[in-house]
Amino acid sequence: ILNVEQSPQSLHVQEGDSTNFTCSFPSSNFYALHWYRWETAKSPEALFVMTLNGDEKKKGRISATLNTKEGYSYLYIKGSQPEDSATYLCAPRRLLTGGGNKLTFGTGTQLKVEL
Amino acid sequence: DSGVTQTPKHLITATGQRVTLRCSPRSGDLSVYWYQQSLDQGLQFLIQYYNGEERAKGNILERFSAQQFPDLHSELNLSSLELGDSALYFCASSVGVIPGTDTQYFGPGTRLTVL
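Since the structure is predicted, the reported quantities are computational estimates derived from the model, not experimental observations. (Residues numbered from 1 in each chain as written. Chains lettered and ligands numbered in written order. Predicted model: local features only at pLDDT ≥ 70, side-chain atom pairs only at ≥ 80, totals over all residues. Heavy atoms only, no water.)

1. Focus on the environment of B:L112
Alright, step 1. Of note, B:L112 is situated in strand β11 (residues 110-114).
Alright, step 2. Note: C-alpha distance between B:L112 and B:T101 (eleven residues apart in sequence) is 30 Å. (Helix = DSSP H or I, 4+ residues; strand = E, 2+ residues; numbered from the N terminus.)

This is how it looks when you write it as structure tokens:
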């Protein structure tokens, strides 16, 4: 069983605030980390796939960093907008033999951006 | 729109019944995944098929089965339904070439209600 922890569980910020949250995972046999964004009444949407220690990815106002040695990733949102309101999920992937691409998702950080 | 389609969108049935959920992957994707999201639970991986063959299995109940057909669409069969099977069932697809870093694209989901 892969233990994935995301914190905080929920977050309320004001429009224009910058925010960040954390995904923690076991560092042993790390292979990749996926970040997804899940808006209410929609389906999860891929944000990033990260593989290398020190990796930094950016998509518009959203960026993510990865520390594979200590087993965490940060997701940052700069200048939050109401449309950023969603649950942000991470899914680390261990190096496994035998194929398969099972993702173990964390329970997510629910972000609410208020006007 | 991810390009993954799922039918039906909603399904209401009674305990003890059997249902079939259908998924068509994005054009060119060889892998199909099934996930379950129950009330107060995170996104749980059920099973993965790659080009017609089972590739990875999660905590899928024995009452549930899946298959992927030669045209790559997939069906998830749920039988002897119980109240606790009420959930949102997502299908996702990916190219399936590089396990671990493949981005999974999620369909809109099927909401199953068991009464």
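2. A word on the sheet that holds strand β5 (residues 45-50) of chain A
Residues and elements named next belong to chain A.
Alright, step 1. The mixed open sheet is built from five strands, whose spatial order is β2-β10-β9-β4-β5. Where the open sheet ends on each side, the last strands, each with one partner, are β2 (10-14) and β5. Adjacent strand axes in the sheet meet at a mean angle of 20°, parallel and antiparallel pairs treated alike.
Alright, step 2. Sheet topology places strand β4 (residues 30-38) next to strand β9 (residues 86-94); eight bridges connect them, and they run antiparallel. (Pairing = 2+ DSSP bridges. Axes fitted to C-alpha atoms, helices over the stretch in contact; angles between N-to-C directions.)

3. Thoughts on the state of the cysteines
All names here are of chain A.
Alright, step 1. For the structure shown, the criterion picks out two disulfides over all chains.
Alright, step 2. Across the disulfide, C23 is cross-linked to C90 (sulfur-sulfur distance 2.0 Å). Handedness here is read from the sign of the S-S torsion; for C23 and C90, about 75°, the answer is right-handed. Taken together, the residues C23 in strand β3 (residues 19-24) and C90 in strand β9 connect sequence positions 67 residues apart.
Alright, step 3. By relative accessible area, C23 is classed as buried at 0%. (Disulfide = S-S within 2.5 Å. Buried < 20%, exposed > 50% of the residue type's maximum accessible area, 1.4 Å probe, protein only.)

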